[in-house]
Each structure stands twice: as C-alpha cells, then as structure tokens.
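Below are the chains, spelled out letter by letter.
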Amino acid sequence: MIEQISKFFSNCFEISDDEAPADNERSLQLATAALLIEVSRADFSVDDTERQAVIELLDSQFELTKPELEKLIELAEQEADQATSLYQFTRLINDAFSAEQKRLLVLNLWKVALADGYIDKHEDHLIRKVADLIHVSHRDFIRTKLTLTENSDP
C-alpha cells in the first residue's frame, strides 16, 4: 500500500526529494479524502449522493485534475479499507491543520453525512470521534452540525 501511495504521488504530482511540502500536502489530501469516505460508509450503505458529495468537496477543496482526483479517491478508499483506526488520518490532520481548517473538515464530514438527507447515528458517532481526535471543541462540533441542519430544513 505504501508503495502504491508513493507511486501515486510521484506519477501524478511529480514529487521529488526537494518537494517535501508538496508530499505533505498530498498526504493531507489523502487523509482528508479517507475521512470523508469513512463517513460515507459509516451507515453501512454508500449512497450515490454521499459519494458525489465526497467528490465535490474534494474537488472544491483541492486543486486537482480529474484524473488526480479519481486516483486520490481510489487510494483513499483503499486506505480506508485497510485502516485499523482513524489515528493514521487524524494524526496528519492534527500535525498540519489550523483550528479553522479542522472546523472546516468537521463541517465537510457533516455535509457528506447529510448528503442523503439523513444523519445516521453511526455517522454522528464517527464525526464526533474524528472531532475529538483532531481536537475540535464540542461547541464547534455542534455548531457545524447545526449550521448545516438548520440550513437544510425546508
């Protein structure tokens, strides 16, 4: 798996040894994508609207070509399949994201969960767990959820 990720980075993004910041950025993109995918799977059913939400959120957040985006999602799905915990993803987020970027990630996790029109208890639990692991306060966790659910009411 590590070899595939390295190959992905070197092929798609032409990373060399002197481009460590770019490598770190790609790792953060992969961690972000994996967390979004984890939320889309949390209710044990991946809805097309949730998958589309993941694609749109990643597309708007990162400046990637369509093939790069597709490969990122493919690798993130593989990483999510093989992950034994969320720590490998959240550790990267904690090390690099600002408080605002972390809140934005939590908001995006809520967007994926709500994409099918319903927030399942497993999605809620997973987002709460991620928020705790990336040190987003409970107040901000609730605030981001309410921002979306209040705006989605007819």
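Below, the structure is looked at part by part.

Our next topic: unusual backbone geometry. Of note, Phe44 is a non-glycine position whose phi angle comes to about 65 degrees, a positive value. Residue Phe44 is classed as exposed on the basis of its relative accessible area of 68%. Not every positive phi belongs to a glycine, and His135 is a case in point at roughly 65 degrees. A relative accessible area of 62% places His135 in the exposed class.

Here the focus is helix 4 (residues 66-82). End to end, helix 4 covers 24 Å across 17 residues, agreeing with the expected 24 Å (1.5 Å per residue, within 8%). All buried positions along helix 4 are accounted for by Glu68, Leu69, Leu72, Ile73, Leu75, Ala76, Gln78, Glu79 and Ala80.

So, on to helix 5 (residues 87-96). Burial in helix 5 covers these residues: Phe89, Thr90 and Ile93. Down the axis of helix 5, the buried set is contained in an arc of 90 degrees. They therefore lie on one face. Exposed side of helix 5, more than 90 degrees from the buried face: Tyr87 and Asp95 are the residues found there.

Moving on: the environment of Ala31. Mapped onto the elements of the fold, Ala31 is located in helix 2 (residues 20-41). Judged by its relative accessible area of 2%, Ala31 falls in the buried class. Considered as a pair, Ala31 and Glu79 are 48 residues apart in the sequence and their alpha carbons are 8.7 Å apart.

Relative to each other, helix 6 (residues 99-114) and helix 7 (residues 121-133) sit at 170 degrees, their axes nearing to 10 Å. Classified by the interaxial angle, the pair formed by helix 6 and helix 7 is roughly antiparallel. On helix 7, the residues touching Val106, Leu109, Trp110 and Ala113 of helix 6 are Glu123, Asp124, Ile127, Val130 and Ala131. Each residue belonging to the contact of helix 6 with helix 7 can be placed in one class, and the counts come to 7 nonpolar, no polar and 2 charged.

A separate point is the packing of helix 3 (residues 48-61) against helix 6. Axis separation between helix 3 and helix 6 bottoms out at 8 Å; the angle between their running directions is 150 degrees. Considering their axes alone, helix 3 and helix 6 lie roughly antiparallel with respect to each other. Here helix 3 contributes Glu50, Ala53, Val54, Leu57 and Gln61 to the contact with helix 6, which in turn contributes Asn108, Lys111, Val112 and Ala113.

About the criteria used
- Residues numbered from 1 in each chain as written.
- Predicted model: local features only at pLDDT ≥ 70, side-chain atom pairs only at ≥ 80, totals over all residues.
- Heavy atoms only, no water.
- Buried < 20%, exposed > 50% of the residue type's maximum accessible area, 1.4 Å probe, protein only.
- Helix = DSSP H or I, 4+ residues; strand = E, 2+ residues; numbered from the N terminus.
- Expected span 1.5 Å × (residues − 1).
- Arc of directions from axis to C-beta.
- Axes fitted to C-alpha atoms, helices over the stretch in contact; angles between N-to-C directions.
- Parallel < 35°, antiparallel > 145°, perpendicular 65-115°, else oblique.
- Contact = heavy atoms within 4.5 Å.
- Nonpolar A, V, L, I, M, F, W, Y, C, P; charged D, E, K, R; others polar.

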